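Each chain, written out:
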Amino acid sequence: MRIDAYNQIANVYNTTKPSKAKNMAEVHASRDQVQISRAGKDYQFAKQAVAAASDIREDRVTELKTSIQSGNYDVDTGDFASKLLASYYAAGK
């Protein structure tokens, strides 16, 4: 190994100079801080709103229950079959 090459590398990285120890008062004075962006705050607010919302649309469920109980609920078999096939092919890809 060539010593002069080592000296050139040491000069590039300044490894020959010993690092100064920091004063403990300086270390304790500087603390890490986190700042959340406006977009992050908006996202957090929206996430909480979605979590608080019900997964079940009670108005629609009540409407369907009433239709079923009264015998007026009608299922279009062609529409049902096309949606079933579409979901089958979408899952296969």
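Residues numbered from 1 in each chain as written. Predicted model: local features only at pLDDT ≥ 70, side-chain atom pairs only at ≥ 80, totals over all residues. Heavy atoms only, no water.

Student: Sorry if this is basic, but what is going on with helix H5 (residues 77–92) here?
Tutor: Structurally, the α-helix is built with 3.6 residues per turn, so residues lying three or four positions apart point the same way. For H5, built from 16 residues, the straight-helix expectation of 22 Å at 1.5 Å per residue is met to within 8% by its first-to-last C-alpha distance of 22 Å. Little of H5 sits inside the fold, with 0 of its 16 residues counted as buried. (Helix = DSSP H or I, 4+ residues; strand = E, 2+ residues; numbered from the N terminus. Expected span 1.5 Å × (residues − 1). Buried < 20%, exposed > 50% of the residue type's maximum accessible area, 1.4 Å probe, protein only.)

Student: How should I be thinking about the pattern of salt bridges in this particular structure?
Tutor: If charged atoms from side chains of opposite charge come close, those side chains can pair. The full count for this structure, using the stated rule, is 3 salt bridges. In this structure, Arg38 engages Asp42 in a salt bridge whose closest nitrogen and oxygen atoms are separated by 3.6 Å. Of this pair, Arg38 and Asp42 are both found in helix H3 (residues 38–52), 4 residues apart, which corresponds to roughly one turn of the helix. A residue is classified by how much of its surface remains accessible, and Arg38, at 62% relative accessible area, is exposed. For Asp42, a relative accessible area of 39% puts it in the partly exposed group. Salt-bridge contacts for Asp79 lead to Lys83; the nearest nitrogen and oxygen are separated by 3.6 Å. A residue pair is termed a helical-turn pair when its members lie 3 or 4 positions apart in one helix, as Asp79 and Lys83 do in helix H5 at 4 residues. Residue Asp79 is classed as partly exposed on the basis of its relative accessible area of 35%. (Salt bridge = Lys/Arg side-chain N within 4 Å of Asp/Glu carboxyl O.)

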